[in-house]
Amino acid sequence: MIYMDNSATGGFKPNASILSAENTMRYLLANPGRSGHRLSLVGAQIVYDTRKLLAERFKGSPERVIFTKNCTEALNLAILGSVKKGGHVITTVYEHNSVLRPLYYLESQGLISLSIISAKPENMLSEIKSAVNENTYLIAVTGASNVTGDVMPIEEISAFCNSHDLLFLCDGAQAGGHITLSVNNGISMLALAGHKGLCAIMGVGVLILSDNVNVSPICFGGTGADTFNKFQPDYYPEKLESGTLNLPAIASLFEGARYALDNLSLFSNTLKNYTEKVINTISAYNGVRCFSRPNPCGIVSFMHNKIPSNEFADILNSRYDIAVRSGFHCAPLAHKFLETDTNGLVRISLAPQNSQREIATLLNAIREIIS
């Protein structure tokens, strides 16, 4: 199969990422940080080395690199763990349900008021500035849209939030491994998905906190330390990490993130070139409307004026053995904003490892389907 659904989960993992997870499951079935024997200590070292790597690359502090089971949990931890009763939150129409639903929940409970910005990326900062009021404490913006691939003005929003003492949460699920993201130089809370641009196996997410942010736990339990304390430890990372960590996935993340971030510029430029080629080609096809611009995340979303997106994706799958995603991509407001909330979009999401031949096969398949 030609795999072009990398925004859902990365289809390519470097050998080191796979082997590290396999070796951990074969030879290191011990609980990191829970015992003093050699295997447990080796596991704890892998966890620390991964924290240190991510802290270095995303400009954070190792102890404030928090491991979760996925990016959704990281986002929930950031949003629910930083809530201020009576406060005001600003977010955008581009957000995933992993951001929207916890915010809707807080709003429904009367804990916050919520403003949702409807603006293209180039106008986003000015709209955010207009929405800020005296109770605003958090601005939550995705690094890149999982629908269109548009990259948001993260540095500009970071600078504004820092100058106005506002928390800035960045959903890096799509942007991580594709664009430069910096915590202590701007972002207050950065959520990452290990299994997408960071080239790890499924089962690990990350929340990186800047040094001046305090997040309360939303899950309580064993941490391997401070056992007789009735409450969670008040220091990081134990404060926010209860229970057994997914050591194979964390080991995979160490190798995957190193591979992706060492090649970030090369891979980003490759994906910009790939998306530009696909966009330029399919935009010329009769009945096709493209909703993406060239981007470093590899995303090209389009619709056909007669063939619904689900049907189009099914044809690519059944006739051509090409994997893409159709529908609404867990981003309902983005589709309402784009006026694609009836049939959704076909989303092609490329990896740098996709070949020119695979892209040519895709383009020929789309042309044949609509001819």
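Residues numbered from 1 in each chain as written. Predicted model: local features only at pLDDT ≥ 70, side-chain atom pairs only at ≥ 80, totals over all residues. Heavy atoms only, no water.

### Details of helix H1 (residues 15-27)
- Taking 1.5 Å per residue as the helical rise, H1 with its 13 residues ought to reach 18 Å, and the 18 Å between its terminal C-alpha atoms agrees with that figure.
- Listed in full, the buried residues belonging to H1 are Ser-17, Ser-20, Ala-21 and Thr-24. Buried positions in H1, seen along its axis, are confined to an arc of 95° and lie on one side of it. Of the exposed residues in H1, those oriented more than 90 degrees away from the buried face are Asn-15, Arg-26 and Tyr-27.
- The inward-facing, buried residues of H1 contact helix H7 (247-262). (Helix = DSSP H or I, 4+ residues; strand = E, 2+ residues; numbered from the N terminus. Expected span 1.5 Å × (residues − 1). Buried < 20%, exposed > 50% of the residue type's maximum accessible area, 1.4 Å probe, protein only. Arc of directions from axis to C-beta. Contact = heavy atoms within 4.5 Å.)

### Things to note about the sheet that holds strand S2 (residues 65-68)
- Pairing within the open sheet is mixed, and its seven strands lie in the order S2-S8-S7-S6-S5-S3-S4. Looking along the sheet, the strands with just one partner apiece sit at the ends: S2 and strand S4 (112-117). In this sheet, adjacent strand axes meet at a mean angle of 20° when their direction is disregarded.
- Sheet strands touched by helix H3 (residues 71-81): S2, strand S6 (167-171), strand S7 (189-193) and strand S8 (205-209). Its angle to S7, the strand with the most contacts, is close to 165°.
- Along the sheet, helix H6 (residues 154-163) makes contact with strand S5 (136-142) and S6, crossing S6 at roughly 160°. (Pairing = 2+ DSSP bridges. Axes fitted to C-alpha atoms, helices over the stretch in contact; angles between N-to-C directions.)

### Focus: the pattern of salt bridges
- Throughout the structure, instances matching the rule amount to nine salt bridges.
- Among the salt bridges present, the one from Arg-26 reaches Glu-22, with a minimum N-O distance of 2.9 Å. Residue Arg-26 and its partner Glu-22 are located together in helix H1, separated by four residues, close to a single helical turn.
- For Glu-22, a relative accessible area of 29% puts it in the partly exposed group.
- A salt bridge links Glu-241 to Arg-51; its shortest N-O distance comes to 2.9 Å. With a gap of 190 residues between them, Glu-241 in the loop between S8 and H7 and Arg-51 in helix H2 (residues 38-58) connect regions that are remote in the sequence. For the pair Glu-241 and Arg-51, one class covers both residues: buried.
- The structure contains a network of salt bridges with shared partners spanning Glu-122, Asp-150 and Arg-293. (Salt bridge = Lys/Arg side-chain N within 4 Å of Asp/Glu carboxyl O.)

### Thoughts on the sheet that holds strand S9 (residues 288-290)
- Overall, antiparallel pairing links the four strands, which are arranged S9-S10-S13-S12 in an open sheet. Pairing within the sheet leaves two strands with one partner each, and these edge strands are S9 and strand S12 (325-327). Averaged over all pairs of adjacent strands, the angle between strand axes in this sheet comes to 30°, irrespective of strand direction.
- Inspection of the sheet shows strand S10 (residues 299-304) paired to strand S13 (residues 345-349) by four bridges, in the antiparallel sense. Bridge assignment links Ser-301 to a residue of S13, and that residue is Arg-347.

### Some remarks on the packing of aromatic side chains
- Scanning the entire structure with this criterion turns up four aromatic pairs.
- Look at Phe-12 and Tyr-259: their rings are 6.1 Å apart centre to centre, the planes differ by 40°, and that puts the pair in the tilted class. On the criterion of sequence distance, the pair formed by Phe-12 in the loop between strand S1 (2-3) and H1 and Tyr-259 in helix H7 is long-range, its members being 247 residues apart.
- The class of Phe-12 is partly exposed, set by a relative accessible area of 32%.
- Ring plane angle 55° and centroid distance 5.5 Å describe the contact between Tyr-259 and Phe-267, whose orientation is recorded as tilted.
- Each member of the aromatic cluster is reached from another via a ring pair, and the members are Phe-12, Tyr-259 and Phe-267. (Phe/Tyr/Trp six-rings, centres within 6.5 Å; stacked < 30°, edge-to-face > 60°.)

### Quick look at the packing of H2 against H7
- The interhelical angle for the contact between H2 and H7, taken along N-to-C directions, is 30°, at an axis separation of 9 Å. With respect to their mutual orientation, H2 and H7 come out roughly parallel. As H2 runs across H7, the sense of the crossing is left-handed. Here Gly-43, Ile-46, Val-47, Asp-49, Thr-50, Leu-53, Leu-54, Arg-57 and Phe-58 of H2 lie close against H7, whose contacting residues are Leu-247, Ile-250, Ala-251, Leu-253, Phe-254, Ala-257, Arg-258, Leu-261 and Asp-262.
- A class-by-class count of the residues in the contact of H2 with H7 yields twelve nonpolar, two polar and four charged. (Parallel < 35°, antiparallel > 145°, perpendicular 65-115°, else oblique. Left-handed = near helix turned anticlockwise from the far one by under 90°. Nonpolar A, V, L, I, M, F, W, Y, C, P; charged D, E, K, R; others polar.)

### Things to note about the environment of Leu-53
- In this fold, Leu-53 is placed in helix H2.
- Between the C-alpha atoms of Leu-53 and Arg-258, which are 205 residues apart in sequence, the distance is 7.6 Å.
- Residues within four places of Leu-53 in sequence aside, it is in contact with Phe-254, Ala-257 and Arg-258.

### Points about the nonpolar core
- In terms of nonpolar packing, the biggest core is built from 53 residues, with Phe-58, Phe-67, Ile-139 and Leu-181 touching the most fellow members.
- No other element matches the seven residues that H7 contributes to this core.
- Setting aside residues no more than four positions away along its own chain, Leu-181 makes contact with Arg-57, Phe-58, Ile-154, Cys-170, Ala-175, Gly-176, Ile-187, Leu-190 and Leu-192. (Core = buried A, V, L, I, M, F, W, Y, C linked by side-chain atoms within 4.5 Å.)

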